[in-house]
Amino acid sequence: MTEQTVAAPTVIWSRPEEERAGTPLLVLLHGYGANEQDLFGLVPSLPEEFTVVSVRASLAAGPGFAWFPLKNDLSFSLQAVKDTTSTLTNWLDGVKDQHSSVTLLGFSQGMGVATSLLRHRPADFAAVVGLSGFAFKAEGADNEDNFFDDARLAERQVPLFWGRDQEDPIIPAEAVEFTNSWLREHTKLTKVLYGNMGHGINAQELGHVNEFLKLTVLAPKG
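> I tried to follow the overall build of the protein chain on my own but got confused; where do I start?
In terms of regular secondary structure, the protein chain is built from six helices and ten strands. Over its C-alpha atoms the protein chain spans a radius of gyration of 16 Å, differing by no more than 12% from the 17 Å that the globule rule assigns to 222 residues. Oriented by its inertia axes, the alpha-carbon framework of the protein chain measures out at about 45 × 35 × 35 Å. Each of the 222 residues in the protein chain was classed as buried or not, and the buried ones make up 52%. Within the structure as shown, the protein chain displays about 10200 Å² of accessible surface, and the carbon and sulfur contribution to it stands at 48%.

Below is the structure:
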């Protein structure tokens, strides 16, 4: 395990730099109040073909970090989301070319960031995994700058895995309802519900994520 600080985020890589060329890249985006170490523990449960990089958000929040500020009612500034998306896109532009593909895995707030990256650059990603999270509502006047290219994304139908507990106590019902309809319209969605998981990740879900990544990213095409 090697740790590296770059101009934008602090990241942890699963492989040393000399072993990354030509491998598929899997980018881990943690939830609110966590850090780059949080999801890195998933690496042994993910397909070994991937080079995994876990990214730390830049904003201090509680014991860890956040991708953007949240108010008490979990509302947020869409401009802050766009700023974070732009920063991560610029960083990915500097590393993606040495990899055969780029896939995103985001937990909770990190899923919101992952889907925002996908919407901003639909052609850049092979697949997305979203765990116990949501996508941001950004339509009409909120997207008059066309920062989120939803029309192109709908055409591409990028595979997306969305796993959650139907009784998740953290994500508001309104956000879940929007995410469900939006993902069905704009991605090739695999949605799985789990019981007794709460706002977390369990072994069954990790098994399903493993299968999804093997089928959508690693399996030979054509």
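> When you look at the nonpolar core in this model, what are you seeing that I'm missing?
One recurring pattern in soluble globular proteins: nonpolar side chains tend to sit buried together. By size, the foremost hydrophobic cluster in this structure holds 42 residues, and its most contacted members are Val27, Leu29, Trp91 and Leu92. At the level of secondary structure, the elements contributing two or more residues to this core comprise β2 (10–13), β3 (25–29), β4 (51–55), α2 (78–93), β7 (102–107), α3 (109–120), β9 (159–165) and α5 (173–186). The greatest single-element share of this core, amounting to six residues, is contributed by α2. Membership of the second largest hydrophobic core comes to 20 residues, among which are Phe50, Leu131, Leu206 and Phe212.

> Mind showing me how you'd approach the pairing of strand β8 (residues 127–131) here?
Consecutive side chains along a regular strand alternate between the two faces of the sheet. Along β8, five of the five residues are buried, which leaves the element largely enclosed by surrounding structure. Here β8 shows a buried face lined by Ala127, Val129 and Leu131 and a second buried face lined by Val128 and Gly130. Sheet topology note: the β7/β8 ladder contains five bridges and is parallel. For leucine 104, the partnering residue across the bridge sits in β8 and is valine 128. This β-α-β element, β7 to α3 to β8, shows right-handed connectivity.

> Mind showing me how you'd approach the pattern of salt bridges here?
It is possible for side chains bearing opposite charge to pair when their charged atoms get close. Applying the stated criterion across every chain, the model contains seven salt bridges. Of the charged contacts in the structure, one is a salt bridge between lysine 96 and aspartate 93, with a shortest N-O distance of 3.2 Å. Take aspartate 93: its relative accessible area is 28%, and that puts it in the partly exposed class. Several salt bridges converge on common partners, so that one network encompasses Asp93, Lys96, Arg121 and Asp124.

> Even after reading the chapter, I still don't get the confidence of the model for the protein chain, so can you show me in this structure?
Atom-level detail of predicted coordinates should not be read off regions where pLDDT is low. For the protein chain, per-residue confidence averages 92 on the pLDDT scale, and residues scoring 70 or more make up 92% of the total. Counted against residues more than four places away or in other chains, residues 2–6, with its pLDDT under 50, gives 19 contacts.

Definitions and limits used
Residues numbered from 1 in each chain as written. Predicted model: local features only at pLDDT ≥ 70, side-chain atom pairs only at ≥ 80, totals over all residues. Heavy atoms only, no water. Helix = DSSP H or I, 4+ residues; strand = E, 2+ residues; numbered from the N terminus. Rg over C-alpha atoms; globule rule 2.2 N^0.38 Å. Buried < 20%, exposed > 50% of the residue type's maximum accessible area, 1.4 Å probe, protein only. Areas by Shrake-Rupley, 256 points an atom, 1.4 Å probe, with all protein chains shown as cover. Core = buried A, V, L, I, M, F, W, Y, C linked by side-chain atoms within 4.5 Å. Pairing = 2+ DSSP bridges. Right-handed = clockwise from strand over helix to strand, strands pointing away. Salt bridge = Lys/Arg side-chain N within 4 Å of Asp/Glu carboxyl O. pLDDT = per-residue confidence, 0-100. Contact = heavy atoms within 4.5 Å.

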